[in-house]
Amino acid sequence: MKSRPSGGKASEKELNEAIAVLIASTRSKKRPFPLTEIAYKLELAVATLGSHAAVAERIGLSAKMLKQFSAVTQLSKAVQKLFERRVLDSVDAAAHLAKISAGDQNVVAKALAAGEIDTSDVRAIVELNQSVSDSMKDVLERVKRSKTQREYIAEFVIRGSHDEASLLRAFQEQIPRDDILRVEVQGALGRLVLTRKGKEALGEAAKELGTPVTHVIQTIISSSKNA
């Protein structure tokens, strides 16, 4: 990706060219330029006009949306090359890849370029990576497996002080770890996402604990020594 010229600000001609590229690239899904080129022109325009807001006003776009085109500048050199060659070309993918480390970016981008995952999977991978301690390769494999298997979701109210890690430890006492796709916590609401075998294991746990399936999650949590 090109670096900004010395001095930062562009000449009037360069600014007009940059604005033209931004207009052409933000008003059509079929962008005529790769994201790396768009980000470079955006940097020139911001340096010259003073802010993303000023550029956004000039081209008739929200500053928030415009900033997404800058995400590619936060990617590793290897991943930037993929965007430069338009092997990858999604603004959404670039924005989510920018949220993880350079090494992890390379792992996920390689899978995306190979067609093993799609852009929506990148979002899922980044979100899952924030909630588990697994390596990025393990997170990637879990998301890839989930694409080919049906998920079973059980929602429950969280009573007491629990986070995703403590809940996961509790569920692992009754359900094999590989069959727990993820545990999510949003305020007082929890979600347990299982494979088919995980759902069956949850049913078996209900029998062993002598409780209805509708109450088994609360029973597991309250009876766990690790939660």
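Our subject in this report is the structure included herewith. Note that the structure is predicted; figures quoted are calculated from it, not measured.

Quick notes on the overall build of the protein chain
Here comes step 1: When its secondary structure is counted, the protein chain shows twelve helices and three strands.
Here comes step 2: The C-alpha atoms of the protein chain give a radius of gyration of 23 Å, which is well past the 17 Å a tight globule of 227 residues would have.
Here comes step 3: Here the C-alpha coordinates of the protein chain stretch approximately 75 × 35 × 30 Å along the principal axes.
Here comes step 4: When the 227 residues of the protein chain are sorted by exposure, 43% land in the buried category.
Here comes step 5: Surface exposure of the protein chain reaches about 12300 Å², of which carbon and sulfur atoms provide 48%.

So, the sheet that holds strand S1 (residues 152-157)
Here comes step 1: The three strands are arranged S1-S3-S2 in an open sheet whose pairing can be described as antiparallel. Each edge of the open sheet is held by one strand with a lone partner, namely S1 and strand S2 (180-186). Ignoring strand direction, the axes of neighbouring strands in this sheet form an average angle of 15°.
Here comes step 2: In this structure, S2 lies alongside strand S3 (residues 189-194), joined through six bridges in antiparallel fashion. The partner of Ile 180 across the bridge, within S3, is Leu 194.
Here comes step 3: With respect to the sheet, helix H10 (residues 164-172) is in contact with S1, S2 and S3, its orientation differing from that of S2 by roughly 140°.
Here comes step 4: Its contacts with the sheet put helix H12 (residues 216-223) on S1 and S3, and the angle it makes with S1 is roughly 65°.

Some words on the pattern of salt bridges
Here comes step 1: Counted according to the given criterion, the structure contains 14 salt bridges.
Here comes step 2: Its salt-bridge partner being Arg 123, residue Asp 92 comes within 2.6 Å of it at the nearest N-O pair. Separated by 31 residues along the polypeptide, Asp 92 in helix H6 (residues 91-97) and Arg 123 in helix H8 (residues 119-129) bring together distant segments of the chain.
Here comes step 3: On the accessibility criterion, Asp 92 (27% relative accessible area) is partly exposed.
Here comes step 4: In this structure, a network of salt bridges that share partners links the residues Glu 151, Glu 155, Arg 182, Glu 184 and Arg 191.

Digging into H8
Here comes step 1: Every buried residue of H8 is accounted for by Asp 121, Val 122, Ile 125, Val 126, Leu 128 and Asn 129. Mapping the buried residues of H8 onto a view down its axis gives an arc of 165°, with all of them on the same face.
Here comes step 2: Looking at the packing, one finds that the buried side of H8 touches H6, helix H7 (102-113), helix H9 (136-147) and S2.

Here's the deal with the packing of helix H2 (residues 35-49) against helix H3 (residues 52-59)
Here comes step 1: Running from amino to carboxyl end, H2 crosses H3 at an angle of 110°, the nearest separation of the two axes being 8 Å. Classed by the angle they form, the pair H2 and H3 counts as roughly perpendicular. Between H2 and H3, the contacting residues are Leu 42, Ala 45, Val 46 and Leu 49 on the first element and His 52, Ala 54, Val 55 and Arg 58 on the second.
Here comes step 2: Looking at the contact of H2 with H3 residue by residue, the classes come out as six nonpolar, one polar and one charged.

Rules used throughout
- Residues numbered from 1 in each chain as written.
- Predicted model: local features only at pLDDT ≥ 70, side-chain atom pairs only at ≥ 80, totals over all residues.
- Heavy atoms only, no water.
- Helix = DSSP H or I, 4+ residues; strand = E, 2+ residues; numbered from the N terminus.
- Rg over C-alpha atoms; globule rule 2.2 N^0.38 Å.
- Buried < 20%, exposed > 50% of the residue type's maximum accessible area, 1.4 Å probe, protein only.
- Areas by Shrake-Rupley, 256 points an atom, 1.4 Å probe, with all protein chains shown as cover.
- Pairing = 2+ DSSP bridges.
- Axes fitted to C-alpha atoms, helices over the stretch in contact; angles between N-to-C directions.
- Contact = heavy atoms within 4.5 Å.
- Salt bridge = Lys/Arg side-chain N within 4 Å of Asp/Glu carboxyl O.
- Arc of directions from axis to C-beta.
- Parallel < 35°, antiparallel > 145°, perpendicular 65-115°, else oblique.
- Nonpolar A, V, L, I, M, F, W, Y, C, P; charged D, E, K, R; others polar.

Purely geometric stuff here, so don't read any function into it on its own.
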